[in-house]
Amino acid sequence: MGGCSGSEPDRAPDPVPVIAEPLQFLPQDTETELVGSARASTSAELFPETGGRVTGVMFSAGDYVRKGEPLVQLDARRERLAVDAAEVQLREADQLLGRYRRIEDTGAISESQIEAGETALASARVALQQARTELADRTIRAPFSGHIGLTEIDVGDRVNDSTPIAQLDQRSTMFVDFSAPETVFSSLRPGETVQLVPFAQPDRQVQATIVATDSRVSQDSRDFIVRAKLANPGDSLRPGMSFRVTVDRRGDPSPAVPEEAIVWGGEGSHLFVVREGKASRVPVTITARRDGRAFVDGRLARGDRVIVEGVQKVRDGQEIRLVTPAGAPASKATLRPAEAGNGE
């Protein structure tokens, strides 16, 4: 027993076999979900031009009406009489001026009388045009083609110029307005596309094209309004509907490592990189995850090799031995620690 004690020096631990791969820098894409509200491309709430008693309602809720089509008729008896009276006055003024013209060369009428006759004729024409305008105002017509909504107006009701008739929407094309944070301002330019999902149809996804953004960012909420346009084939969408808006933003390339390379400890997360044939511990902060990889922020550089297998066996400063993963090309030979320190 005396011959076996303390005669051999302590052997250095063997290098730990690990698998490492070059550090990758990938664009950090982010996805932001927002909520938008739809509105028709053209929309108007209809009001009468004047007051009176309703004598006819010529539409039903949901009808498609064309521009200029009559919708509501008001009592127009007085206005029709006013048009008849204006037409009579116009004929009289025209006849009087005609008689003046026929005797103008005889000297029986003065120049001032002819001028008065011309003025009377012009005034009668204006009065007739005004009477016809007032008569036309007794019929409420569609200002553009579209679908008309519900109405509470019935025959016999009395209305005035502040009584709402119905809502008219041109909804073959829809606008979706939504508030977006200023962090995605550069990603939401006119002409860009966004993905929309109607809350009423969660299995349906549609594309919309951004047509405008607000002229400023709110100082209070730090967001801005974006307007996107989408087609409405089949008339399946309605103004006022809510949409989930998805905005994809492509960021600058960032270090990305396999999630299994991350080690968690009492001081947070870290990983090991190969430097001079040894494992070097590098604290990192995870900023995002995607497809099995973690985007990290730490003291990393292009050309670093990250240990992805065997991380639980190594310690900071420990010598390591790089091995080739099973199934890897034969050209990737196993490296000894000395070789790893010469540029690997």
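First, a word on what this report is: a plain description of the structure on this page. (Residues numbered from 1 in each chain as written. Predicted model: local features only at pLDDT ≥ 70, side-chain atom pairs only at ≥ 80, totals over all residues. Heavy atoms only, no water.)

1. Topic: the environment of S37
Tracing the backbone through its elements, the reader meets S37 in strand 2 (residues 24-46). S37 sits 190 residues away from R227 along the chain, and the two C-alpha atoms are 9.7 Å apart. Ignoring anything within four residues of it in the chain, the contact list for S37 reads F175, V176, D177 and M241. (Helix = DSSP H or I, 4+ residues; strand = E, 2+ residues; numbered from the N terminus. Contact = heavy atoms within 4.5 Å.)

2. Description of the sheet that holds strand 6 (residues 139-141)
What the 4 strands build is an open sheet, ordered 6-5-3-8; its pairing is antiparallel. Both outer strands of the open sheet, strand 6 and strand 8 (158-159), are each paired with one neighbouring strand and no more. (Pairing = 2+ DSSP bridges.)

3. Structural notes on the packing of aromatic side chains
Under the definition given, this model contains 1 aromatic pair. Judged by centre distance (5.0 Å) and plane angle (70 degrees), the rings of F185 and F224 are edge-to-face. Placement of F185 in the loop between strand 9 (166-181) and strand 10 (193-198) and of F224 in strand 12 (residues 223-231) is noted, with a sequence separation of 39 residues between them. You can call F185 partly exposed: its relative accessible area is 29%. With a relative accessible area of 1%, F224 lands in the buried category. Here the guanidinium or amino end of R302 rests over the ring plane of F25, the centre of that ring lying 4.0 Å away. (Phe/Tyr/Trp six-rings, centres within 6.5 Å; stacked < 30°, edge-to-face > 60°. Buried < 20%, exposed > 50% of the residue type's maximum accessible area, 1.4 Å probe, protein only. Lys NZ or Arg CZ within 6 Å of the ring centre and 35° of its normal.)

4. Considering the pattern of salt bridges
Enumeration over the complete set of coordinates arrives at 13 salt bridges. Between E33 and R244 there is a salt bridge, with its nearest N and O atoms 3.7 Å apart. Of this pair, E33 sits in strand 2 while R244 sits in strand 13 (residues 242-258), placing them 211 residues apart in sequence. Between R101 and E118 there is a salt bridge whose closest N-O contact spans 2.2 Å. (Salt bridge = Lys/Arg side-chain N within 4 Å of Asp/Glu carboxyl O.)

5. Re helix 1 (residues 77-102)
Taking 1.5 Å per residue, 26 residues should reach 38 Å; helix 1 reaches 38 Å between its end C-alpha atoms and fits that length. Three or more residues of helix 1 are buried, namely E79, V83, A86, L90, A93, L97 and Y100. For helix 1, the elements touching its buried residues are helix 2 (111-136). (Expected span 1.5 Å × (residues − 1).)

6. Section: helix 2
Spanning 26 residues, helix 2 covers 38 Å between terminal C-alpha atoms, matching the ideal 38 Å at 1.5 Å per step. Buried within helix 2 are the following residues: I114, G117, L121, A124, L128 and A131.

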